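In case you want the letters, here they are:
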Amino acid sequence: MNELNKLVAEIYGKSVAKDICKKIEDIVKIYAKRKHSIKKTPSLSEKDVVLICYADNIRYKNEPSLKVMDNFFNEFLGDRISYIHFLPFFPYSSDDGFAITNFRTVNPKYGSWKDIRKISRKYGLIFDAVTNHISSKHKWFQNYLKFDKKYEDYFIEMDKNADVSKVMRARDLPLLNKFQKGSKDVFVWTTFSDDQIDLNFHFPKVLLEVIDLLLFYASKGASIIRLDAIAYIWKKANSNCINLKEVHKIIMIIRRIFDMVFPHIMLLPEANVPSKENLKYLGNGYNEAQLLYQFCISPLVLYTFYSGSVDHLHNYLDTVPELPGDNYFLNVLVTHDGIGLRPVHDILDPNEIKLIINEIEKRNGIISYKTEQNGKKSPYELNITYFDALRDNDCVEKQNIAKFVAAQAILLSIKGLPALYFHSLFGTKNYYEGYENTNQPRTLNRRKFELNELENLLSNKEYSEAIIFKKINKLLSIRKKYFAFHPNAKQEIVNISDHIFSIIRKGKEDNYKMLILVNVTDQKCNCKIPQTILSNDSIDIIAKRKIIPEIEFTMYPYEILWIPF
């Protein structure tokens, strides 16, 4: 506990550190007796793929949606996925689950903890810890408004005229919102919306509440805990209030506690920041998170297909550092949120980012903006499904499908743990009807299906959803059989053509090599593999094409080749 005491003292001061650590120790003792037996361990393999979904992405009559989802996983996916990231499945008041009214209860519409536990016996589960903020309807905030002394310091009251111009914002909304506290108007810090009230981590009891909650999630079957909006949890006057050193100290405290009680559980910080800043969330490799989002991959892959050039994607992947210990990247092309642009600010120049924005607008996507310190608005996020982001109305649908699957193949090929968003299984199109109802741009990519509707889409071989689902499943089935796709297998860029994504993955001790080629254009590309790369004739494991070194062959538009050697 000495190291823990030191970390606590650095944040809250030596005078109170001993008392705080004693309370942490008391919490730890309780959960040490409740350990949940979980199949998954921190050691990942080529067999691991994450599926990101809502607990009610599929609905059927009045059945609890978790049971409906579980049946779908068993029937349609089986062991082709190994982890399920259920987005917040708790009672909530807004933001599709991210304004939580009760952190410890499963939303009755979805099911119960019994349903969660059942699924956790077959799949590793990722839980969302939404602890930067709570719903304005949460009892803590409601009691605060009633002058309950227990909660008077749980939130951040500010003068309505306070200068908060330096604060980094993810949304173009007021930072301070007015609430009625008795007969008094108070202005409270709300990073994301007026229904999402930020917690005050300067108050030690808030930290203790969060530690207890995280250990509760671990006891309920989580294999990975996603620290939602973690970059924003510490506020400091005259700063941008994002990625402050205290944020990293708090993660170190959490990691230290989990190493004592639940060492098999991995932490995944959600920090949508430039890639160099993101790497800091690993700490020294052993004292902060074990998993890191590689958010920059999403806009980079879009740019690759828009420009028809693999240069930026290759250059970025060529500079990705080796991660120490059992640490891994988690790679996504799209999630429930929009496609963030901040992660590529240190990779693409403004004109290249503008190209992406123009292409998204051409495809009827929505660009979300944030306000900079100088008062100007800048593009922050792209709201669109990934299928529509790549879709070209001038192309036949067959080619659009091939392009979309090629993008997913890149995701499944690169170093790290791949995470597929639910809608990427089928190539879901923009949900305009939902957007018209909510007026929230993110709704475009958050469609919920009725079971009969989805089964109909997947049973008709002519539908694009069925074709994509079959192709994705094939890639997943093949991928898990090859050591070269281990999340930490070495990755080497090879230059075959400006238009062909080309890397080599190397398994244990450089055995089990895989050459990956993806044509990122709508044109045929002639190429040949030098003998220095491929010394013998080899067979592509997707289309069973024979590839002969030094002999020119044609790659068709958006063709994917996985060549073991």
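Details of the structure are given in the entry above.
Cut-offs applied
- Residues numbered from 1 in each chain as written.
- Predicted model: local features only at pLDDT ≥ 70, side-chain atom pairs only at ≥ 80, totals over all residues.
- Heavy atoms only, no water.
- Core = buried A, V, L, I, M, F, W, Y, C linked by side-chain atoms within 4.5 Å.
- Buried < 20%, exposed > 50% of the residue type's maximum accessible area, 1.4 Å probe, protein only.
- Helix = DSSP H or I, 4+ residues; strand = E, 2+ residues; numbered from the N terminus.
- Contact = heavy atoms within 4.5 Å.
- Salt bridge = Lys/Arg side-chain N within 4 Å of Asp/Glu carboxyl O.
- Polar contact = N/O pair within 3.5 Å; in protein donor to acceptor, adjacent residues only side chain to side chain.
- Pairing = 2+ DSSP bridges.
- Axes fitted to C-alpha atoms, helices over the stretch in contact; angles between N-to-C directions.
- Phe/Tyr/Trp six-rings, centres within 6.5 Å; stacked < 30°, edge-to-face > 60°.
- Lys NZ or Arg CZ within 6 Å of the ring centre and 35° of its normal.
- Arc of directions from axis to C-beta.

Asker: Lay out the nonpolar core in plain terms, naming residues and giving numbers.
Answerer: Among the nonpolar cores identified, the biggest contains 193 residues, and Phe72, Phe86, Phe501 and Trp562 are the most heavily contacted of them. At 11 residues, helix H6 (residues 204-219) tops the list of elements feeding residues into this core. Excluding its chain neighbours within four sequence positions, the residues that come into contact with Phe501 are Val310, Leu313, His314, Leu317, Ile410, Ile414, Ile516, Leu517, Val518 and Val520. Counting residues in hydrophobic clusters, the runner-up holds 16 residues, among them Ile496, Cys525, Phe553 and Leu561.

Asker: Requested: an account of the pattern of salt bridges, with residues and values cited.
Answerer: According to the stated counting rule, one finds 34 salt bridges in the structure shown. Salt bridges sharing common partners tie together Asp95, Asp96, Asp337, Glu381, Arg442 and Arg446.

Asker: Give me the lowdown on the side chain of Ser193, citing residues and values where you can.
Answerer: With respect to the secondary-structure elements, Ser193 resides in the loop between strand S10 (184-189) and strand S11 (196-198). A distance of 2.8 Å separates polar atoms of two side chains, one belonging to Ser193 and the other to Gln196. Ignoring sequence-local partners within four residues, the contact set of Ser193 consists of Arg171, Leu173 and Asn177.

Asker: How would you summarise the sheet that holds strand S28 (residues 560-564) if you had to cite specific residues and measurements?
Answerer: On the basis of which strands lie adjacent, the open sheet formed by four strands has the order S21-S22-S23-S28 and antiparallel pairing. Edge positions in the open sheet fall to strand S21 (490-493) and S28, since each of these has one partner strand only. The sheet shows a mean angle of 20° between the axes of neighbouring strands, taken without regard to direction. Pairing of S21 with strand S22 (residues 500-506) involves four bridges; the strand directions are antiparallel. By the bridge assignment, Glu492 is partnered in S22 with Ile504. The strands that helix H10 (residues 311-319) touches are S21 and S22; relative to S22, the one it contacts most, it runs at about 20°.

Asker: So what's going on with the pairing of strand S15 (residues 328-332)? Residues and values would help.
Answerer: Across the five residues that make up S15, a large majority, five, are buried. Burial of the side chains of S15 extends over both faces: Tyr328, Leu330 and Val332 are buried on one face and Phe329 and Asn331 on the other.

Asker: Explain the pairing of strand S9 (residues 176-181) to me, and be specific about the residues and the numbers.
Answerer: By the bridge criterion, six bridges tie S9 to S10 in an arrangement that is antiparallel. By the bridge assignment, Lys181 is partnered in S10 with Lys184. Count of turn residues in the S9/S10 antiparallel hairpin: two residues, of which Gly182 carries a positive phi of about 65°.

Asker: Account for the sheet that holds strand S12 (residues 222-227), with residues named and values stated.
Answerer: Judged by pairing direction, the sheet is parallel, and its eight strands sit side by side in the order S13-S12-S6-S3-S1-S19-S15-S14 without closing on themselves. The open sheet is flanked by strand S13 (266-269) and strand S14 (291-293), the only strands paired with a single partner. Strand after strand, the sheet turns through a mean of 25° between neighbouring axes, direction not considered. Of the strand pairs in this sheet, strand S3 (residues 83-86) and strand S6 (residues 124-129) are connected by three bridges, and their pairing is parallel.

Asker: Tell me what's going on with the packing of aromatic side chains, and back it up with residues and numbers.
Answerer: This model, assessed by the stated rule, comprises 39 aromatic pairs. Their ring planes at 55° and their centres at 6.5 Å tell us that Phe422 and Phe449 sit as a pair that is tilted. One end of the pair, Phe422, is in the loop between strand S19 (417-421) and helix H14 (432-438); the other, Phe449, is in strand S20 (residues 449-450), and 27 residues separate them in sequence. Of the two residues examined, Phe422 and Phe449, each falls in the buried class. Ring geometry for Phe485 against Trp562: centres 4.8 Å apart, planes inclined by 50°, an arrangement best described as tilted. Placement of Phe485 in the loop between helix H16 (464-479) and S21 and of Trp562 in strand S28 is noted, with a sequence separation of 77 residues between them. Taken as a pair, Phe485 and Trp562 share a single burial class, namely buried. An aromatic cluster of at least three residues, connected via ring pairs, comprises Phe72, Phe73, Phe76, Phe86, Tyr123, Phe422, Phe426, Phe449 and Phe469. Across the ring face of Phe216, the terminal group of Arg104 is positioned such that the distance to the ring centre comes to 4.9 Å. Just above the ring of Tyr54 sits the side chain of Lys448; from NZ or CZ to the centre is 4.6 Å.

Asker: Could you give an account of helix H15 (residues 451-459), naming the residues involved and the relevant values?
Answerer: One turn of an α-helix holds 3.6 residues; hence residues three or four places apart share an orientation. Of the positions making up H15, those classed as buried are Leu451, Leu454, Leu457 and Leu458. Each buried residue of H15 lies within a common arc of 130° when the element is viewed along its axis, so the set occupies one face. Within H15, the exposed residues directed more than 90 degrees away from the buried face are Asn452 and Ser459.

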